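The chain contents come next:
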Amino acid sequence: MPRFWKLCAPMLALLAAPALAQEAAEAPPPLSADAPRVALDTSAGRIVVAVETDKAPVTANNFLRYVDRGKLDGTRFYRVVKVQDRFGFVQFGVNGEGSRILPPIAHEPTSETGLSHFDGTLSIARLDPGTARGEFLIMLGDQRPTFDANPEREYEPLGNAAFGRVVEGMDVVLAIFDAPVSPDKTVRGAFKGQVPEAAVTIRRAHRLQP
C-alpha cells in the first residue's frame, strides 16, 4: 500500500465513525491496578496517563523508555485530527528528531492485548506493522471502529496498538484538541490543516510514584 494511502485510509474511516461510535458507546474496562502512571507536564497543564505494561508490554515499555530517558522533554503536540466536537485524536512525540528516536518495536494488535481505543486511550502511531517508534496518539471519543484490529477490514486490519489511558487532565487534552489549527502549516509536507497554530510543549514527562 502506498505511503500516502497508509496516512489517509484511517482518516477516511474516521470520518464515517462518529455515529457508529455514539451508538456503541460504553465504558472502558478498568485499568490494571499496578499500571504505571506518567505525568506529561505541558505548557497547557498536566496530563496523567496509566500505561498497561501487563497487557501491552512491548508498546507500554517502549513509551516508558522514551519517558525515562528524557526523550519526550521539550517535544510537542504537533497534530490535531478533529472530525467533530470531541471526536478525533491529538498526536505528540519525537516528530522525526533523530537524536530522540529509539529503535522500532513489534506491533501488538488489540486483538492480542485485549485493549481498545476508547475515549482517552493512549496509542502509538505507525506506518507498516513493526515501524512504531516515538509518535503517540490520544483518542477523543470512542475510536474502536477505526483504530482497533479488525481482520475483516480491507485497510490496516491489524490496527494500532493501544497501551494506556488518560486518568487525569482530559480537560487539557480537549483544550489542545479545540485550539486553532493552521490552514497552511505542515509537518515535513504532511498533515496540512491538522497542525496547531501554537503547538503545546511537553516541558517534562516523568513517572509518578505509586
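To keep things clear, this report deals only with the structure shown in the data block. Just so you know, these numbers come straight off a predicted model, no measurement behind them. (Residues numbered from 1 in each chain as written. Predicted model: local features only at pLDDT ≥ 70, side-chain atom pairs only at ≥ 80, totals over all residues. Heavy atoms only, no water.)

Okay, the environment of Asp-68 next. Summarising the element assignment, Asp-68 is placed in helix H3 (residues 57-68). Residue classification places Asp-68 among the partly exposed positions, given a relative accessible area of 46%. C-alpha separation for the pair Asp-68 and Val-38, spaced 30 residues apart in sequence, amounts to 9.9 Å. (Helix = DSSP H or I, 4+ residues; strand = E, 2+ residues; numbered from the N terminus. Buried < 20%, exposed > 50% of the residue type's maximum accessible area, 1.4 Å probe, protein only.)

In this section: the sheet that holds strand E1 (residues 37-42). The 8 strands lie next to each other as E1-E2-E7-E5-E6-E4-E3-E10, forming a closed barrel whose pairing is antiparallel. This sheet shows a mean twist of 35 degrees between the axes of neighbouring strands, independent of strand direction. Strand direction decides the pairing type here: E1 and strand E10 (residues 200-207), joined by 5 bridges, are antiparallel. By the bridge assignment, Ala-39 is partnered in E10 with His-206. Against the sheet, helix H6 (residues 170-178) contacts E1, strand E2 (45-51), strand E3 (76-84), strand E4 (87-93), strand E6 (135-140), strand E7 (161-168) and E10, and its axis sits at roughly 80 degrees relative to E3. (Pairing = 2+ DSSP bridges. Axes fitted to C-alpha atoms, helices over the stretch in contact; angles between N-to-C directions. Contact = heavy atoms within 4.5 Å.)

The buried count for E6 comes to 6 of 6 residues, which makes it a mostly enclosed element. Of the two faces of E6, the one holding Glu-135, Leu-137 and Met-139 and the one holding Phe-136, Ile-138 and Leu-140 are both buried throughout. For E4 and E6, the ladder comprises 6 bridges, and the chain directions are antiparallel. Bridged to Phe-89 within E6 is Met-139. Direction of pairing for strand E5 (residues 121-124) relative to E6: antiparallel, over a ladder of 3 bridges. Among the inter-strand pairings, Leu-122 is bridged to a residue of E6, identified as Ile-138.

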